[in-house]
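# Structural overview
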Amino acid sequence: MAQQGLSWDLLADLQLLLQFHFMQNALLVGTLVAILAGAIGYFVVLRGQSFATHMLSQVGFPGAAAGVLVHTSPVLGLIVFCVAGALGIGWTGRSVDAGRRGESAAVGSILAFSLALGLLFFRLYAGSAQGIYGFLFGTILGITDSDVLLTAATTVVGLAVIAVIGRPLLFASVDPDAAEARGVRVRAISIAFLILVALSVAETVQVIGTLLIFALLVTPAAAAQRLTARPGLGLALTIALSVLFMWSGLAIAYFSLYPVGFFVTSLAFATYLAIRLFRAASRDHHRPAMETAT
Amino acid sequence: MAASNPQPGAAVHFQDAGVRIGGRFVWRHVDLEVRQGSFVAILGPNGAGKSTLVRAALGLTELAEGTVTVFGRRVRRGNDDIGYLPQRRNFDADLRIRGVDLVRLGLDGARWGFPLPFADRLSGGAKAARVDEVIRLVGAQGYAERSIGELSGGEQQRLLIAQALVSGARMLFLDEPLDSLDLNNQQAISALIQSICQERQVTVLLVAHDVNPILPYLDTVVYVAQGQVVSGKPEDVIKTETLTRLYGAPVEVLQTSDGRLVVVGQHEPVSYHGHEAP
């Protein structure tokens, strides 16, 4: 999509990157999305809720289609469906909570149905395969100014909620029984967090698509938590990685012909793999003496 | 902290209490008084309601009848006087959070806000000092900085006891803390709990499967069986006839040459760890 090629002049490349309005919007939305996804993703991985996240992203697909169908913003449709999905999971109690008992046949059936529903909505709209493709794998084209505003608002709200519930959420995530006894409303926190995940999913789907959502909501956090067990540092590192993957992915996608989702996902995966291999290798080198009885 | 109250009141007091779960009484007509600063074991067969007794004292399970008070007041959640160590298996090996963070959550984890790494240094490090102190108390300073999932069962238990103590608790409820530990660790943790109990005048209620490893350290035993609760000094309650009646199965109490009691045959096979309904 680039008119001119890459050069060694970074400033010129940057100017090239930012010369079009759609690309400015893509970078803005991409950054906002990556920050929120990183912050939420840290807790998703800590709680072992990757599967619930996947489910919400698929429920969002017919939401986006419905948004297109009724001529409002697809992002709004995404948010409505994802939040409804989060409340649905919350309603069924602890079944998907902390991901330990969740992978049930019922959830699988709902996932298949929501994809089918999305397909139907797009056909009803007589929509293009391009539209469906965009929501399944993400697109950086056609992000409107109002999308940017909506994304900014969601990110601010999401981060504000994390700032308020962060500590009890951390407690409830690592030690729910003790947290409950200390007066944390574990159930309410769980549902609030699922709604946050829903908001974040709805945002992230715009750029990276329903099927590649893990690249921003799970992989950066998984990589960061391999590197540190400190909560504050882990969270900061997750956000940094997430933003880094997003920027690099957008830049590479701009100068090549291939979709942004592929690059973001591949960068995230390669980093995660490298960290795991590095950790495994360094553990083999100086393995600490195994403690048994103390 | 050396409270030398000559006549300490009751730490926990059940009066004609009963709990109903699923339409059926787990136990009822329970009268139980736990003296402050004593080390009490709650024993009994699987599913008899040992954990329920603890949860009732914590306010996590409501009484269907009767009353329970803790330090003379009605029970409520989030009481800083009480440290609770829930029944659990071990932490997931992949759970990436340090032991010291887990202990810290016992201090401020229920409060709104976000755990900023530098906030504590600004407020003079008082919280960090408190966390440090309990970690030293349980002897976990050597591994508190490591990820909790990497630690052994005994190390995890010590950190969890520190977590339960860190809010300045005057009472500890420990639900099967010795489960899944080897014999050495069972004795080490029991001795640790006894020393906390004596040095800090902390009342300890410990739910256990097997009385033998903790018996030398106990002040009082409470047996929960067949919908009722029997309590008293170990030498008064731990008798062949009493236990056989409570368990509804033959149990023998033996005395070793040095005067210690050993309970034989009340349990299922040794490797069995049942999970009771909460």
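Residues numbered from 1 in each chain as written. Chains lettered and ligands numbered in written order. Predicted model: local features only at pLDDT ≥ 70, side-chain atom pairs only at ≥ 80, totals over all residues.

A few words now on the overall build of chain B. Helix and strand counts for chain B stand at eight helices and 12 strands. For chain B, the proportion of its 278 residues judged to be buried stands at 45%. (Helix = DSSP H or I, 4+ residues; strand = E, 2+ residues; numbered from the N terminus. Buried ≥ 20, exposed ≤ 12 C-beta atoms within 10 Å, placed from the backbone.)

Helices and strands together make up the secondary structure of chain A, namely 13 helices and zero strands. Beginning at the N terminus, the succession of helices and strands in chain A can be written as α-α-α-α-α-α-α-α-α-α-α-α-α. Intrachain contacts of chain A at a sequence separation of at least 6 include 74% that bridge at least 24 residues. (Contact = placed C-beta atoms within 7 Å.)

Quick look at the nonpolar core now. Judged by nonpolar contacts, the single largest core of 176 residues is most densely connected at Cys 82, Val 197 and Ala 198 of chain A together with Ala 41, Ile 42, Phe 173 and Leu 206 of chain B. If one sorts the elements of this core by residue count, helix α2 (residues 21-47) of chain A sits on top with 16 residues. Discounting residues that sit within four places of it in the chain, Leu 206 of chain B has contacts with Val 40, Ala 41, Ile 42, Leu 174, Pro 177, Ile 193 and Ile 214 of chain B. (Core = buried A, V, L, I, M, F, W, Y, C linked by C-beta atoms within 7 Å.)

This part takes up the packing of α2 of chain A against helix α9 (residues 186-208) of chain A. Residue and element names in this part refer to chain A. Packing of α2 against α9 leaves a shortest axis separation of 9 Å and a crossing angle of 145 degrees. The way α2 lies across α9 gives a crossing that is left-handed. Residues Val 29, Gly 30, Val 33, Leu 36, Ala 37, Ile 40, Phe 43 and Val 44 of α2 form the contact with α9, whose own contacting residues are Phe 193, Leu 196, Val 197, Ser 200, Glu 203, Thr 204, Gln 206 and Val 207. Taken together, the residues of the contact of α2 with α9 break down into 11 nonpolar, four polar and one charged. (Axes fitted to C-alpha atoms, helices over the stretch in contact; angles between N-to-C directions. Left-handed = near helix turned anticlockwise from the far one by under 90°. Nonpolar A, V, L, I, M, F, W, Y, C, P; charged D, E, K, R; others polar.)

The subject of this paragraph is the sheet that holds strand β6 (residues 82-85) of chain B. Residue and element names in this part refer to chain B. If you trace the six strands from one edge of the open sheet to the other, you get β6-β7-β8-β3-β9-β10, paired in mixed fashion. The open sheet is flanked by β6 and β10 (228-232), the only strands paired with a single partner. The sheet shows a mean angle of 15 degrees between the axes of neighbouring strands, taken without regard to direction. (Pairing = 2+ DSSP bridges.)

Let us now look at the environment of Ser 195 of chain B. Relative to the helices and strands, Ser 195 of chain B resides in helix α6 (residues 183-200). Note: C-alpha distance between Ser 195 of chain B and Asp 182 of chain B (13 residues apart in sequence) is 20 Å.

Each partner contributes to the interface: chain A provides 28 residues, whereas chain B provides 33 residues. When contributions to the side of chain A that touches chain B are tallied by element, the ones reaching two or more residues are α7 (145-174), α8 (176-181) and α12 (231-255) of chain A. Here the side of chain A that touches chain B takes nine residues from α7 of chain A, the largest share from any one element.

Residues and elements named next belong to chain B. Note that strand β1 (residues 10-21) and strand β4 (residues 65-70) share five bridges and pair antiparallel. Paired with Gln 15 across the bridge in β4 is Thr 67. Sheet topology note: the β4/strand β5 (residues 73-74) ladder contains two bridges and is antiparallel. By the bridge assignment for β5, Val 70 is matched with Arg 73. A loop of two residues connects β4 with β5, the two strands running antiparallel in sequence, and Phe 71 in this loop sits at a positive phi of about 50 degrees.

Residue and element names in this part refer to chain B. With respect to topology, four strands assemble into an open sheet ordered β2-β1-β4-β5, the strand pairing being antiparallel. The strands lining the two open edges of the sheet, one partner per strand, are β2 (24-35) and β5. Most of the contacts of helix α1 (residues 50-58) go to β1, to which it runs at about 115 degrees, and overall it touches β1, β2 and β4.

To continue, consider the confidence of the model for chain A. Low-pLDDT portions of the prediction should not be read for the details of their coordinates. Residue and element names in this part refer to chain A. For chain A, per-residue confidence averages 83 on the pLDDT scale, and residues scoring 70 or more make up 87% of the total. Mean pLDDT values over the elements of chain A span from 74, in helix α6 (residues 129-137), up to 95, in helix α11 (residues 219-227). Here residues 95-103 is a poorly scored stretch, pLDDT under 50, and it has 22 contacts once near neighbours within four places are set aside; other chains count. Low pLDDT (under 50) marks residues 287-294, which in the prediction has 10 contacts with non-local residues, meaning those over four places away or in another chain. (pLDDT = per-residue confidence, 0-100.)

This next bit is on the pairing of strand β11 (residues 252-255) of chain B. Inspection of the sheet shows β11 of chain B paired to strand β12 (residues 261-264) of chain B by four bridges, in the antiparallel sense. Counterpart to Val 253 of chain B in the pairing with β12 of chain B is Val 263 of chain B.

A word on unusual backbone geometry. Residues and elements named next belong to chain B. Unusually for a residue other than glycine, His 29 sits at a positive phi of about 55 degrees. Considering the arrangement of structural elements, one finds His 29 in strand β2. The exposure class of His 29 is partly exposed, given the 15 C-beta atoms found within 10 Å. Unusually for a residue other than glycine, Gln 226 sits at a positive phi of about 50 degrees. As for its placement among the helices and strands, Gln 226 is situated in the loop between β9 (220-225) and β10.

Residues and elements named next belong to chain B. On average, residues of chain B carry a pLDDT of 85, and 89% of them reach 70 or more. Contacts for the low-pLDDT stretch residues 1-7, under 50 throughout, to residues beyond four places or in other chains number four contacts. Contacts for the low-pLDDT stretch residues 268-278, under 50 throughout, to residues beyond four places or in other chains number 11 contacts. Predicted as a complex, the structure gets a pTM of 0.85 and an ipTM equal to 0.82.

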